[in-house]
Amino acid sequence: MTDATVTLSAEETAAEAPTPAAEVTLGLAHFKEANEQVRAALARADAVTIREANAQRYLGCALPAGKSLDIFGTPGNDLGCYLDGGRIEVFGNGQDQVGNTMNNGAITIHGRVGDAAGYAMRGGTILVRDDCGWRAGIHMKEYEAKRPAIVIGGDAGAFLGEYMAGGIIVLAGTPGDYLGTGMHGGVIYLRHPLSTDRIMDGLIQEPVGEEDVPTLTALLDAYDEAFAGESPPLGGDLSSWHRLRPASARPYGGLYAH
Amino acid sequence: MTRRNIPREGEVRIPSGCAIAGIMDRSGARHDGGDILRSIALMHDRSNGLGGGFAAYGIYPDYADLYAFHIMYESREARAAAEAYLEHFYLCEKQERIPTEDHPSIKNPPDIWRYFMAPHPMRLAASGLDEAEYTMQHVFHINGKIEGAFVASSGKDMGVFKGVGYPEDIGAFYRIGDYRAWAWTAHGRFPTNTPGWWGGAHPFTLLNWSVVHNGEISSYDANRRYVEQFGYDCELQTDTEVITYLFDLLARRHGLSQQMAAHIMAAPSWREIDAMEPDRAAFETALRTVYASALVNGPFSIIVGSEEGLLALNDRLKLRALMVAEKGPMVYLASEQAAIQVVCPDAENVRSIEGGMPFVVQRDDVAAAKAGEAAENRAVRDWPLEHEVGVLPRKRREV
Amino acid sequence: MDATTNCVLPRYRVVRDEAACTGCAQCVRSCANGVHRLRKDSDRIVINSRACVNCQRCVVFCPELALTIQPWPQVGTGSSTWTAEAMADIAKQAQTGGVLLSSMGTPAPYPIYWDHLLLNASQVTNPSIDPLREPMETRVFLGSRPEILKVNERAGQVVEPLPPQLKLDVPIMFSAMSFGSISLNAQKALALAAAELGTFFNVGEGGMHRDLEPFADHAFAQVASGRFGVDAHYLNTAAAIEIKIGQGAKPGIGGHLPGEKINSEVSRTRMIPEGSDAISPAPHHDIYSIEDLRQLIFSIKEATGYRKPVAVKIAAVHNAAAIASGMARTGADIIVVDGFRGGTGAAPKRIRDAVGIPVELALAAIDQRLRDEGIRSTVSLVASGSIRNSADVVRAIALGADACSIGSAALIAMGCHQCRDCSSGRCNWGIATQRAALTERLHPEAAAERVVNLVRAWTAEIQEMMGGMGINAVDSLRGNRLMLRGVGLNEKELDILGVKYAGE
């Protein structure tokens, strides 16, 4: 297939040094070719705009620091998988597994995302303006200075933060069932606290404390900045915010008989 | 004990030793079967009277564009069933009993017929297959499904004459002295046991391929299970059969040269490949990797006949004997040198076929045409289907 | 008796030959389980048999051969139903309410089909080959291939390059064993051995420790459901990537490395906090269907520039043949099937002993299914899970495998005595432990030498067996089921294995 085309403006093609911007139109190109085109554009420019994305998977796969993608259209699954410090902004919805196993960097979605966003992410930030599907933030983890974060402006599907081993999830809307089931690390900030009967075994819900304010405020500010004019701001009054955390880093310590 | 109770080729795997021989005139001039008969007869002690046969190329010039089926029947019913089947899928220009001559040592021969046919054009078009593939599938059907019928050969302008007996007696029985061919191969069989089924004799053929083989390969089941993936039914469970199918797969379907097919089947050792310069080593590594299961292992010497000419190959450890000699346009191959000299006392350039080194002799006109062809293989499946339309192939309509 | 009373009888009785014992206390230093203790007020060594797991370290290292480990000499009840083990399991669960945890491959007496498959040898009709003097090729390449190779014959060149291939000088690799489940020294030993032998080890699902990076050309990086240590650097460092869907010892469940094994080095390699449980989800949460597997395979290929083969490992389960066929169609370059007798650092006992099927049957069914569909030649197939010796390797290849992986056998070469107590973390052989005092007992170079010796010996035996069959390249053994005959098998088993009965 040859649906993908790369266009560079005249002064960009003339320049010897890495150019500031390039544009790739994907149309109906298959993901393999689409990603080749995107990588080729990224080799010439630090910032690439992708137009007419249509289900192409893996856009921004392992994108390193200093590189950025602005994506228009609807990218496919595994957007920003293994993201390695790069920045991705989608002007539309994300599909499933956005930021799968991402290591560092930032993904901003001007819309909603599907299931399992941020699966196994260990660094960087995902900002979602609207809702997320089921199992977002599943098996997020953290390590030394690396502390990943997901901010969801809308509602979340069930199993948000399942198996969560580290990192931060911020949920401004309402969660689905099984929130944080199997969570054994990290923290989930909720604007709307759970009724006691919906808190899973081994989790503790409590109002946010002073120690949470800098982290939470920074993430809410980031959201407000990213979606200024598109979505009501989340920052400011933290009084209704609660945090959900695991009682133990060893939730299954007593499960086994040797 | 009745012989009927002994399992046939196909019901059981029967190892065989053998004598093989081949004679070809590069110029395409045709010669009668007298020389090949004398050549194979000299190697009488390499056979045990349980199988002999001949393949001949160029014997049906009047029907050169039609498939010539040689079919052995064990019963009237088998013939009726096979002919009804063929009538459905082919248009038959001519059919006749193959002339034979009683011979004191040839017992219980089957009823042997030949048919000159073109694929039924509408059925061929509806099959979505090319002519060769179409014909192959119908040969497989008759051999596998119609009891008592066996297609001994199915190529164009060629035929196989084989049966149970010493090859010189089989040759006399079929009156092969009456046929004129530009290439002949012969086989004298030494099976460990056989019920005396004529279909189990050699050469084995498919389309224009004929193979005579000496040895027992140890890679049989690896090779069988490889080719069976691609629709080749190894009904007879013989080495010759699977080697024939390997040539058909690699040369006809994959579009490789016969020499390359043989090279793949007797591939260079990793030790040799490791010593090659990097590009060549990468090429040979790719061949061995993709075609690992086409490597033929264990002792074998083969002579492969086709419309192109003859190809001789010995296994890469050179566990079987095969000699070659030349005289003018003539090329002689035989398991033993004397079998060449008995028909060509002043043969030149007498030498043995080296292990793993294919020896290829093409008809001059074929060699000239090949020299102008692209060096890249093109698989059959990548060619557009070009069916002949009409009652008979175009060439025959013009006659 | 109350709820916590321990009704479980000891399994072993440790016997000291007092006449031979010199009181050197080597056994005391050997045992991390506290079986042998020096009495405070004398130089007598006392024995706590209850703590013994039968790792045999003390027996092997006793300079006087003064120690013996016996079964606990308690007469059974005479019941075939309520065996001592069945009752001990119930007693443990009644006492703790816990899921029974076990380690290594199942000891249950299921049929071992390897032992019902006999090999052929040439007699008269074709010659056997002597591998000591004639070439005998054991080299194997793993990776996917086109069905038809496009070449330029005159130039002697490939027109379309092959997908990436792994070159194995021997058809034996080392199974995935993670840092965490085994010690770094044990991993180093496997890495050194793989490099020396021209084959591959597998870092397992726990990431790749930086000390192993020099051996990365011989390493499989594993991607499991927990994605521990998985980033672009990890994927691009290794020679190949294996997606772990399942493991023969515990099909259908995830992994659970307890927090006490997550020390600073394990933590750094897995990229999770120290002391936290490392939980691998049961499924990959981006794979709920076969087409999702394709998504993960190609995400790895995209991240590695299509330069690395991607293997997918499944546990041998009932529908393995259809699953494997689907895997081949998703773009997996190498299919790994792990049989239910395969080892593990820890698995629930009921899962280990009751879930999955023998690798022999799964392998035979997969190979045949791929052939029925005409795609066997386009993908590589690796079998693992209870390969015990060189004849098992030959049988597996004849059934249809391109290569085998060994795990338990390699650990036994390093000293493992199959006490099946890996999950305790007190491995006296320094293999399945993270305790520095124990891991330092395992010297990577020495252990590697023993593993190399083992594989070299097996290779010589494989060559002898191939030579006997008249085969001088492993290519001609692969899928060559006529080289096998069954004994003691029923029609159905013969049918699934695709072999004839001995005498046929």
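Residues numbered from 1 in each chain as written. Chains lettered and ligands numbered in written order. Predicted model: local features only at pLDDT ≥ 70, side-chain atom pairs only at ≥ 80, totals over all residues.

### Quick look at the overall build of chain A
For step 1, the next point in the chain: Counting its secondary structure elements, chain A contains three helices and 13 strands.
For step 2, the next point in the chain: The globule rule puts the C-alpha radius of gyration for 258 residues at 18 Å, and the 19 Å found for chain A is close to it.
For step 3, the next point in the chain: Here chain A, with 258 residues, has 51% of them falling under the buried criterion.
For step 4, the next point in the chain: Long-range pairs, those at least 24 residues apart, make up 36% of the contacts in chain A with a sequence separation of at least 6. (Helix = DSSP H or I, 4+ residues; strand = E, 2+ residues; numbered from the N terminus. Rg over C-alpha atoms; globule rule 2.2 N^0.38 Å. Buried ≥ 20, exposed ≤ 12 C-beta atoms within 10 Å, placed from the backbone. Contact = placed C-beta atoms within 7 Å.)

### With respect to the packing of helix 8 (residues 320-330) of chain C against helix 10 (residues 359-372) of chain C
Residue and element names in this part refer to chain C.
For step 1, the next point in the chain: At a closest axis distance of 8 Å, the pairing of helix 8 and helix 10 adopts a crossing angle of 50°. Considering the angle they form, helix 8 stands oblique to helix 10. With respect to the hand of their crossing, helix 8 and helix 10 are arranged in right-handed fashion. Where helix 8 approaches helix 10, its residues Ala 320, Ala 321, Ala 322, Ala 324, Ser 325 and Ala 328 are matched on the opposing element by Ala 362, Ala 365, Ile 366, Arg 369 and Leu 370.
For step 2, the next point in the chain: Considering only residue class, the contact of helix 8 with helix 10 consists of nine nonpolar, one polar and one charged. (Axes fitted to C-alpha atoms, helices over the stretch in contact; angles between N-to-C directions. Parallel < 35°, antiparallel > 145°, perpendicular 65-115°, else oblique. Left-handed = near helix turned anticlockwise from the far one by under 90°. Nonpolar A, V, L, I, M, F, W, Y, C, P; charged D, E, K, R; others polar.)

### What to know about the nonpolar core
All names here are of chain C.
For step 1, the next point in the chain: Counting residues in hydrophobic clusters, the biggest one holds 358 residues, and the most contacted among them are Ala 219, Val 337 and Met 414.
For step 2, the next point in the chain: Mapped onto the domain boundaries, this core takes at least three residues apiece from domain 1 (12-98) and domain 2 (168-466).
For step 3, the next point in the chain: Contacts of Val 337, omitting those with residues within four sequence positions, involve Ile 314, Ala 316, Ala 320, Ala 324, Val 359, Ala 362, Leu 363, Ile 366 and Ala 383. (Core = buried A, V, L, I, M, F, W, Y, C linked by C-beta atoms within 7 Å. Domains from an automatic or database assignment.)

### Points about the pairing of strand 4 (residues 67-73) of chain B
Residues and elements named next belong to chain B.
For step 1, the next point in the chain: Of all seven residues in strand 4, seven are buried, a share of seventy percent or more.
For step 2, the next point in the chain: Taken together, the seven bridges between strand 4 and strand 6 (residues 111-119) define a ladder with antiparallel strand orientation. Paired with Tyr 73 across the two strands is Asp 111, which belongs to strand 6.
For step 3, the next point in the chain: Both strand 4 and strand 7 (residues 149-153) contribute to a ladder of four bridges, which runs antiparallel. Bridging from a neighbouring strand, Met 72 pairs with Phe 150 of strand 7. (Pairing = 2+ DSSP bridges.)

### Notes on the interface of chain A and chain C
For step 1, the next point in the chain: Contact residues are listed per partner, giving 38 residues for chain A and 31 residues for chain C.
For step 2, the next point in the chain: Contributing elements (two or more residues each) for the side of chain A that touches chain C: strand 9 (165-171) and strand 13 (256-257) of chain A.
For step 3, the next point in the chain: For the side of chain A that touches chain C, the class distribution of residues is 18 nonpolar, twelve polar and eight charged.
For step 4, the next point in the chain: Bridge count for strand 13 of chain A against strand 5 (residues 99-102) of chain C is two bridges, and the pairing is parallel. Bridge pairing links Ala 257 of chain A to Leu 100 of chain C in strand 5 of chain C.

### Side note on the environment of Gly 226 of chain C
For step 1, the next point in the chain: Note on placement: Gly 226 of chain C falls in the loop between strand 13 (219-223) and helix 5 (232-237).
For step 2, the next point in the chain: Remark: the alpha-carbon pair of Gly 226 of chain C and His 285 of chain C, spanning 59 residues in sequence, is separated by 9.1 Å.
For step 3, the next point in the chain: Those residues in contact with Gly 226 of chain C, other than ones at most four positions away along the chain, are His 139 of chain A together with Glu 205, Gly 255, Ala 278, Ile 279, Ser 280 and Pro 281 of chain C.

### Let's talk about the sheet that holds strand 7 of chain B
Adjacent strands of a sheet form backbone hydrogen bonds with each other and so pair up, either parallel or antiparallel.
All names here are of chain B.
For step 1, the next point in the chain: One open sheet holds the four strands; their spatial order is 5-6-4-7, and the pairing between them is antiparallel. Each edge of the open sheet carries a strand with a single partner, namely strand 5 (90-97) and strand 7. Here the strands of the sheet are splayed against their neighbours by 30° on average, with no regard to which way each runs.
For step 2, the next point in the chain: In this fold helix 4 (residues 131-145) packs onto strand 4, strand 6 and strand 7, with an angle of close to 140° to the strand it touches most, strand 7.

### Focus: the confidence of the model for chain A
For step 1, the next point in the chain: Here chain A shows a mean pLDDT of 92. Residues at 70 or above account for 92%.
For step 2, the next point in the chain: Low pLDDT, under 50, characterises residues 6-15 of chain A; the predicted model gives this stretch twelve contacts beyond four residues in sequence or across chains. (pLDDT = per-residue confidence, 0-100.)

### Section: helix 6 (residues 220-228) of chain B
For step 1, the next point in the chain: Counting buried residues along helix 6 of chain B, eight of its nine residues qualify, which places the element largely inside the surrounding structure.
For step 2, the next point in the chain: Packed against the buried residues of helix 6 of chain B are helix 7 (239-253) of chain B together with helix 10 of chain C.

### Details of the arrangement of the chains
For step 1, the next point in the chain: Across the two pairs of chains that are in contact, the largest number of contacts falls between chains B and C.
For step 2, the next point in the chain: In this assembly chain A lies apart from chain B, the nearest approach of their C-alpha atoms being 19 Å.

### Quick word on the sheet that holds strand 18 (residues 334-338) of chain C
Residue and element names in this part refer to chain C.
For step 1, the next point in the chain: Pairing is parallel in the open sheet, where eight strands are placed in the order 11-21-20-18-17-14-13-12. Both outer strands of the open sheet, strand 11 (172-174) and strand 12 (201-202), are each paired with one neighbouring strand and no more.
For step 2, the next point in the chain: Looking at chain direction, strand 20 (residues 380-384) and strand 21 (residues 403-406) are connected through three bridges and run parallel. Bridging across to strand 21, Ser 384 finds its partner in Ser 405.

### Focus on the interface of chain B and chain C
For step 1, the next point in the chain: Chain B puts 41 residues into the contact, and the matching count from chain C is 43 residues.
For step 2, the next point in the chain: When residues of the side of chain B that touches chain C are traced back to their parent elements, those giving at least two are helix 6, helix 9 (270-274) and helix 10 (278-290) of chain B.
For step 3, the next point in the chain: If you tally residues by element for the side of chain B that touches chain C, the top one is helix 10 of chain B, at eight residues.

### Concerning the pairing of strand 17 (residues 310-315) of chain C
Residues and elements named next belong to chain C.
For step 1, the next point in the chain: Most of strand 17 sits out of view: six of its six residues are buried.
For step 2, the next point in the chain: A two-sided burial pattern is seen for strand 17, the buried positions comprising Val 310, Val 312 and Ile 314 on one face and Ala 311, Lys 313 and Ala 315 on the other.
For step 3, the next point in the chain: Where strand 14 (residues 240-244) meets strand 17, four bridges bridge the pair, whose relative direction is parallel. Bridge pairing in strand 17 links Ile 243 to Val 312.

### Considerations on the environment of Ile 36 of chain B
Residue and element names in this part refer to chain B.
For step 1, the next point in the chain: Structurally, the position occupied by Ile 36 is in helix 1 (residues 34-42).
For step 2, the next point in the chain: In this structure Ile 36 comes out as buried when scored by C-beta crowding, with 29 C-beta atoms within 10 Å.
For step 3, the next point in the chain: Sequence-wise, Ile 36 and His 88 are 52 residues apart; in three dimensions their C-alpha atoms are separated by 37 Å.
For step 4, the next point in the chain: Not counting chain neighbours up to four residues away, the residues in contact with Ile 36 comprise Ala 21, Ile 23, Phe 54, Trp 184 and Ala 186.

### Comments concerning unusual backbone geometry
The bulk of non-glycine residues show a negative phi, and the bulk of peptide bonds are trans.
For step 1, the next point in the chain: For the peptide bond that leads from His 202 of chain B to Pro 203 of chain B, omega is 10°, which places it in the cis range.
For step 2, the next point in the chain: As for its placement among the helices and strands, Pro 203 of chain B is situated in the loop between strand 10 (183-191) and strand 11 (204-206).
For step 3, the next point in the chain: With a phi angle near 65°, Phe 159 of chain A is a residue other than glycine that sits in the positive phi range.
For step 4, the next point in the chain: Locating Phe 159 of chain A in the fold gives a position in the loop between strand 8 (149-152) and strand 9.
For step 5, the next point in the chain: Phe 159 of chain A sits in the buried class, given 24 other C-beta atoms within 10 Å.

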